[in-house]
Amino acid sequence: MTLNSEVWQGHFAEGLVWALACAAGLNPGKRALDVDGVDIQICFPGTVGTRRYPLIEAQVKSCSNPTYVDNSLSYPIPVKNYNDLVGVVGEDLPSRRYLFLAHVPAEKNSYVESSAEFSRFRHAIYWVDLMDREPIDPEKQAHKSVHVPTSNLLTVETLTGLVAGSLATGGE
């Protein structure tokens, strides 16, 4: 049995985020059930300012042939997934949520280039903060095009900043 391309593409995207979190010295985790659109939780392993163990939650999506609008990737997310990412921390949601969009090669044999000196993962992960937006009625709309700025490249530094809360959010 082989996995269809959407399964292995999504699995690779989640693995990229997991690897980036580990490289940043953060603590990634996964819930047993995905009932609320959270694919990964990432926690800071200590105290930042007065906050102990700050964490974020993210939904990870992937695409191999993105559509660009200006300096953003335009991604059609299902309204159910969009609504899982919007809300107000402390009122609707316990922690900040992000959409992570991994741009990956179309062919799985191009995902990783390895040699004795390095393993290079391709292509890149971008993030967008959709918090504080209004939910969409799923009876009226099935998908919502979300623009994920290419300037919001997810790196060790930006991921650490998102988790620690020291990076200005919004980015769209």
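Throughout what follows, the structure given in this document is the object of discussion. No experiment lies behind these values; they were computed from the predicted model shown. (Residues numbered from 1 in each chain as written. Predicted model: local features only at pLDDT ≥ 70, side-chain atom pairs only at ≥ 80, totals over all residues. Heavy atoms only, no water.)

Some details on the overall build of the chain
Thinking step 1. Scanning the chain for helices and strands turns up 3 helices and 12 strands.
Thinking step 2. Taking 172 residues into account, the globule formula puts the C-alpha radius of gyration at 16 Å, and the chain, at 16 Å, falls close to it.
Thinking step 3. Oriented by its inertia axes, the alpha-carbon framework of the chain measures out at about 45 × 45 × 35 Å.
Thinking step 4. Counting every position in the chain, which comprises 172 residues, the buried fraction comes to 42%.
Thinking step 5. Across the chain, every contact between residues at least 6 apart in sequence was considered, and the portion connecting residues at least 24 apart equals 65%.
Thinking step 6. Of the roughly 9600 Å² of accessible surface on the chain, 51% is carried by carbon and sulfur atoms.
Thinking step 7. With 14 positive and 20 negative side-chain charges, the chain shows a spacing of 3 Å between the two charge centroids. (Helix = DSSP H or I, 4+ residues; strand = E, 2+ residues; numbered from the N terminus. Rg over C-alpha atoms; globule rule 2.2 N^0.38 Å. Buried < 20%, exposed > 50% of the residue type's maximum accessible area, 1.4 Å probe, protein only. Contact = heavy atoms within 4.5 Å. Areas by Shrake-Rupley, 256 points an atom, 1.4 Å probe, with all protein chains shown as cover. Lys, Arg positive; Asp, Glu negative; His and termini not counted. Charge placed at Lys NZ, Arg CZ, Asp CG, Glu CD.)

Considerations on the pattern of salt bridges
A side chain of one charge can pair with a side chain of the opposite charge if their charged atoms are brought near each other.
Thinking step 1. All chains considered together, the criterion is met by 9 salt bridges.
Thinking step 2. When the shortest N-O distance is used, the salt bridge between Lys 30 and Glu 14 registers 3.0 Å. Of the two residues, Lys 30 sits in the loop between β1 (27–29) and β2 (40–43) while Glu 14 sits in helix α1 (residues 5–23), which places them 16 residues apart along the sequence.
Thinking step 3. The residue Asp 36 makes a salt bridge to Arg 97 at a minimum N-O spacing of 3.0 Å. Here the residue Asp 36 occupies a position in the loop between β1 and β2, and Arg 97 occupies one in strand β8 (residues 96–103), the gap between them amounting to 61 residues.
Thinking step 4. In this structure Arg 97 comes out as buried when scored by relative accessible area, which is 6%.
Thinking step 5. Sharing partners across several salt bridges, the network here consists of Arg 31, Asp 36, Glu 57 and Arg 97. (Salt bridge = Lys/Arg side-chain N within 4 Å of Asp/Glu carboxyl O.)

Concerning the environment of Leu 26
Thinking step 1. Checked against the element boundaries, Leu 26 lands in the loop between α1 and β1.
Thinking step 2. For the pair Leu 26 and Leu 85, spaced 59 residues apart in sequence, the C-alpha separation works out to 21 Å.
Thinking step 3. Ignoring any residue separated from it by four or fewer positions in sequence, one finds Leu 26 in contact with Ala 21, Ile 42, Cys 43, Phe 44, Pro 45, Leu 159, Thr 160 and Val 163.

Quick word on the sheet that holds strand β5 (residues 55–63)
Thinking step 1. Here 5 strands make up an open sheet; going across it, the order is β1-β2-β5-β8-β11 and the pairing mixed. With one partner strand each, in any of the chains shown, β1 and β11 (124–128) form the two edges of the open sheet. When strand polarity is set aside, the average angle formed by the axes of neighbouring strands in this sheet is 30 degrees.
Thinking step 2. Looking at chain direction, β8 and β11 are connected through 5 bridges and run antiparallel. Bridge pairing in β11 places Phe 100 opposite Trp 127.
Thinking step 3. Seen against the sheet, helix α3 (residues 156–164) touches β2, β5, β8 and β11 and runs at an angle of roughly 140 degrees to β5. (Pairing = 2+ DSSP bridges. Axes fitted to C-alpha atoms, helices over the stretch in contact; angles between N-to-C directions.)

Points about the sheet that holds strand β6 (residues 67–69)
Thinking step 1. In space, the 3 strands of this open sheet follow the order β6-β7-β12, with antiparallel pairing throughout. The open sheet has two edge strands, β6 and β12 (143–149), and neither has a second partner. Direction aside, the axes of adjacent strands within the sheet are offset by 45 degrees on average.
Thinking step 2. In terms of strand pairing, strand β7 (residues 72–78) meets β12 through 7 bridges, oriented antiparallel. Bridge pairing in β12 places Pro 76 opposite Ser 145.

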